[in-house]
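# Remarks on the overall topology
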Amino acid sequence: MQNNVVLITDSEKVAQKVNKKVLLLRNTDILQTIHHADCFDAVKKIKPVLIFYHLKLNREDDFLNFLQKIRQHRELKTCSVILVYDELDENLLCSAFEKGITDFIKTTASDTEYTIRALWCLQKRVNARDNQNSKDLLSQLKILDRKNQVYTENYTYTVLKEESKKDWGCFAVVAPDINSRNKISPDNLMSIIKDNVRTCDILGFASDFKIYLWFRNTTNEDTRKILNKIKKALSDNFTISAGFVETKEIPFDNAEILANQALSKALLKGNCFICAREEEAKKEKNKNPKIDIQNFKQHKEVSAKKLENILSPLFFQVQKTNEDKLFETKITQNVTEQKSYFTLKSQNCESSFIVTYPGFTTINIEILQKVNNKEKRKKYYIDTNELSEEKIEDLLDEFIQEYQSEILV
């Protein structure tokens, strides 16, 4: 397979130097030299795997524009670009890094350095191409969003929960303020956020205009800095709010509750970032720090039994009431201490009302709806002290109404 390598320069002297120094080329590889004028058009025709770009004095903007075009071009975006400079401008280097430069090297560098850097860039390109192929496949499976290549709503929660098991980090929930929601699309907001976080950060869409972010090994303080960076990148007439929390000592499900609660408070204020602080997280994990293991087990057993006593007759009653009303629908239900569900299933729609109690202070209710192979999720949380048949019955009624609206479409 032939590798096309391009050197962009107007200097014959530099062209001779680089041609001499790049020793990696095989017989099947080609190193071509082109001039700066209309270099992007020439590169599109050649389709190189590696570009050496010799920076002209006072023409930094030309290089940054060229680099941006390369990264936006479908067939060239994985191409490696090495900046060849006579004198280093650190501000330019920072700008080039943000736009996707692969490496940089001084014109007078040794033959070995040219060769090693070029080989390293080629290796990075192979990895980038493999990574892009994987993303394309995940997009086809609708695990990744095709436009921004972040996780879709149906997979965001699952992926972030698994990532949180590997290491600690900070979980953030971002949403546009109420008066800003018609000013920008979720896709465009995600694009801006993605441009202002690190490549190792994990992003995904969630319900109700929300975007979930996972920052590995990142403190609350650093997360706030990242959120402020995102805020500065937005237009003046568009504002966002966020809730966030560190996950060092709490499971992800609790972190999700805390961050969403913080977001709700932030949205009431508007244009605000609120941190669910560590002491609040510990309080949520164990509301009574003096409680001993035996008392905690008793509390858990009492809450689980109370939930079971509510769900068993309620599920039975609702099933009997709706069996004749829901045409061609199979109703199944089961109640246990660990997990209970109430399911409605027809030819094109399957809806599940799932209740779990992990043993902390909150009952988790998830509504999962599958319509023509598309999934929708909703989550509700009920404090064990506020648990009542009326609360669950209201949610169950809403669940059945949504199911009816889908099968009648």
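Since this is a predicted model, take the numbers as computed values, not measurements.

Moving on: helix H8 (residues 220-233). Its 14 residues place the ends of H8 20 Å apart at the C-alpha level, agreeing with the 20 Å of an ideal helix rising 1.5 Å per residue. All buried positions along H8 are accounted for by Asn220, Thr223, Ile226, Leu227 and Ile230. Looking straight down H8, one finds its buried side chains confined to an arc of 115 degrees; they lie on one side. Residues of H8 that are exposed and point over 90 degrees away from its buried face: Glu221, Lys225 and Lys232.

Counted under the stated rule, the structure contains 19 salt bridges. A salt bridge links Arg216 to Glu163, with the shortest nitrogen-to-oxygen separation between them at 2.4 Å. Taken as a pair, Arg216 in strand S8 (residues 211-216) and Glu163 in helix H6 (residues 153-166) lie far apart in primary sequence, 53 residues in all. Through salt bridges with shared partners, one network takes in Glu366, Lys370, Glu375 and Arg377.

Applying the stated rule across the entire model yields 11 aromatic pairs. A centroid spacing of 6.3 Å and a plane angle of 40 degrees characterise the contact between Tyr85 and Phe104, whose relative ring orientation is tilted. Of the two residues, Tyr85 sits in strand S4 (residues 80-85) while Phe104 sits in strand S5 (residues 103-106), which places them 19 residues apart along the sequence. With relative accessibility at 11%, the residue Tyr85 sits in the buried group. An angle of 85 degrees between the planes, with centres 6.3 Å apart, marks the rings of Phe315 and Phe353 as edge-to-face.

Let us now look at the side chain of Thr329. You can see Thr329 is positioned in the loop between helix H11 (293-322) and strand S11 (330-334). The buried category is assigned to Thr329, whose relative accessible area is 15%. In this structure the side chain of Thr329 is engaged in a polar contact, spanning 2.7 Å, whose partner is the side chain of Tyr403. Contact partners of Thr329, with chain neighbours within four places excluded, come to Leu344, Lys345, Ser346, Tyr403 and Ile407.

Side chains of Arg74, Lys77, Lys142, Arg146, Lys194 and Lys374 sit close together on the surface and give a patch of like positive charge. Here Lys194 lies in helix H7 (residues 186-195). Take Lys194: its relative accessible area is 32%, and that puts it in the partly exposed class.

Once that is clear, we can look at the environment of Val5. Relative to the assigned elements, Val5 resides in strand S1 (residues 4-8). Spatially, the C-alpha atom of Val5 lies 9.7 Å from that of Ser80, the residues being 75 residues apart in sequence.

Another point: H6. Listing the buried residues of H6 in full gives Thr156, Tyr157, Val159, Leu160, Glu163 and Ser164. Next to the buried residues of H6 lie strand S6 (169-176), strand S7 (202-205), S8, helix H9 (252-269) and strand S15 (374-383).

Of all six residues in S8, five are buried; the element is thus mostly enclosed. Relative to S8, S6 runs antiparallel, the two sharing six bridges. Counted as the bridge partner of Phe171 is Trp214 from S8. Looking at chain direction, S7 and S8 are connected through four bridges and run antiparallel. The residue bridging Phe205 from the neighbouring strand is Ile211, located in S8. In textbook terms, the turn of a hairpin is the stretch between consecutive antiparallel strands, and for S7 and S8 this stretch comprises five residues, one of which, Asp208, has a positive phi near 60 degrees.

Further remarks concern the confidence of the model for the protein chain. Averaged over every residue, the pLDDT of the protein chain is 85; residues scoring 70 or more account for 91%. Within the protein chain, the lowest mean pLDDT, 50, falls on helix H10 (residues 278-285), and the highest, 95, falls on S8.

The rules behind each value
- Residues numbered from 1 in each chain as written.
- Predicted model: local features only at pLDDT ≥ 70, side-chain atom pairs only at ≥ 80, totals over all residues.
- Heavy atoms only, no water.
- Helix = DSSP H or I, 4+ residues; strand = E, 2+ residues; numbered from the N terminus.
- Expected span 1.5 Å × (residues − 1).
- Buried < 20%, exposed > 50% of the residue type's maximum accessible area, 1.4 Å probe, protein only.
- Arc of directions from axis to C-beta.
- Salt bridge = Lys/Arg side-chain N within 4 Å of Asp/Glu carboxyl O.
- Phe/Tyr/Trp six-rings, centres within 6.5 Å; stacked < 30°, edge-to-face > 60°.
- Polar contact = N/O pair within 3.5 Å; in protein donor to acceptor, adjacent residues only side chain to side chain.
- Contact = heavy atoms within 4.5 Å.
- Patch = residues over 30% accessible without salt bridge, like charges linked within 9 Å, V, L, I, M, F, W, Y side chains within 5 Å.
- Areas by Shrake-Rupley, 256 points an atom, 1.4 Å probe, with all protein chains shown as cover.
- Lys, Arg positive; Asp, Glu negative; His and termini not counted.
- Charge placed at Lys NZ, Arg CZ, Asp CG, Glu CD.
- Pairing = 2+ DSSP bridges.
- pLDDT = per-residue confidence, 0-100.

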